[in-house]
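Okay, here's what each chain looks like letter by letter:
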Amino acid sequence: MNGLFDIKTIMQFVPHRYPFLLIDRITEFEEKVRVVAKKNVSINEAQFQGHFPDEPIFPGVLIIEHMAQTACFLLSKSVGSLDTSKVYYLGKVKNVSFRKPVIPGDTIETEVKIITSVGGMAMVEAVSKVDGVLVAKGELALGAA
């Protein structure tokens, strides 16, 4: 199933809020399989005040967080709704590499695919690109608690 989910729908399935919600739109969704999310990077974001102010670069840890939130959307929406008694937490970051800096004006497009999923635990593969060029990739483990 392909879908297009806006910020209101995203907020139903991801518990993060401003200033830490790092997904702007979901452009593709296949239940229990994969999702594609977009994050528009703006110079107005607070991290650019201190993260190389003369040469602003979107922090790698926030790219990983964007990947994790994208995975959270996939896992939560696949079970139907965000269970407010449980939240998906990032448990492990594996083999993440950064290939190219992300700068203000870029749109990060991240595809997350489920590798394995058992109960409330899942291992996913995440690939982030800007204009079709790889900027980061890796595997993440998430668990519901």
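Fair warning: this is a prediction, and the values are worked out from it, not measured in the lab.

### Here's the deal with the nonpolar core
Judged by nonpolar contacts, the single largest core of 36 residues is most densely connected at Ile26, Phe58, Phe73 and Val102. Listed by contribution, the elements that provide at least two residues to this core are helix 1 (7-13), strand 1 (25-30), strand 2 (34-40), helix 2 (60-79), strand 4 (107-118), strand 5 (121-130) and strand 6 (133-144). The leading source of residues in this core is helix 2, at ten residues. Setting aside residues up to four positions removed in sequence, phenylalanine 58 forms contacts with Lys39, Val41, Glu45, Gln47, Phe48, His51, Ile63, Val102 and Ile108.

### Quick look at the pattern of salt bridges
In total, this model carries six salt bridges according to the counting rule given. Arginine 34 serves as the salt-bridge partner of glutamate 28, at 2.8 Å between the closest nitrogen and oxygen. Residue class for arginine 34 comes out buried when judged on its relative accessible area of 12%. Connected through shared salt-bridge partners, Glu28, Glu30, Arg34 and Glu111 make up one network.

### Focus on the packing of aromatic side chains
By the definition in use, this model includes five aromatic pairs. Their ring planes at 50° and their centres at 5.7 Å tell us that phenylalanine 5 and phenylalanine 73 sit as a pair that is tilted. Taken together, the positions of phenylalanine 5 in the segment before helix 1 and phenylalanine 73 in helix 2 put the pair 68 residues apart, joining distant regions of the chain. A single burial state applies to phenylalanine 5 and to phenylalanine 73, both of which are buried. An angle of 75° between the planes, with centres 5.6 Å apart, marks the rings of phenylalanine 13 and phenylalanine 73 as edge-to-face.

### So, the pairing of strand 2
Counting buried positions along strand 2 gives five out of seven residues, so the element sits mostly inside the fold. Of the strand pairs in this sheet, strand 1 and strand 2 are connected by five bridges, and their pairing is antiparallel. Looking at the pairing, arginine 25 lines up with lysine 38 of strand 2. Hairpin connection of strand 1 to strand 2: three residues between the antiparallel strands, including lysine 32 at a positive phi of 65°. As defined by bridge partners, strand 2 adjoins strand 4 across seven bridges and the pair is classed as antiparallel. Looking at the pairing, valine 36 lines up with glutamate 111 of strand 4.

Cut-offs and rules
Residues numbered from 1 in each chain as written. Predicted model: local features only at pLDDT ≥ 70, side-chain atom pairs only at ≥ 80, totals over all residues. Heavy atoms only, no water. Core = buried A, V, L, I, M, F, W, Y, C linked by side-chain atoms within 4.5 Å. Buried < 20%, exposed > 50% of the residue type's maximum accessible area, 1.4 Å probe, protein only. Helix = DSSP H or I, 4+ residues; strand = E, 2+ residues; numbered from the N terminus. Contact = heavy atoms within 4.5 Å. Salt bridge = Lys/Arg side-chain N within 4 Å of Asp/Glu carboxyl O. Phe/Tyr/Trp six-rings, centres within 6.5 Å; stacked < 30°, edge-to-face > 60°. Pairing = 2+ DSSP bridges.

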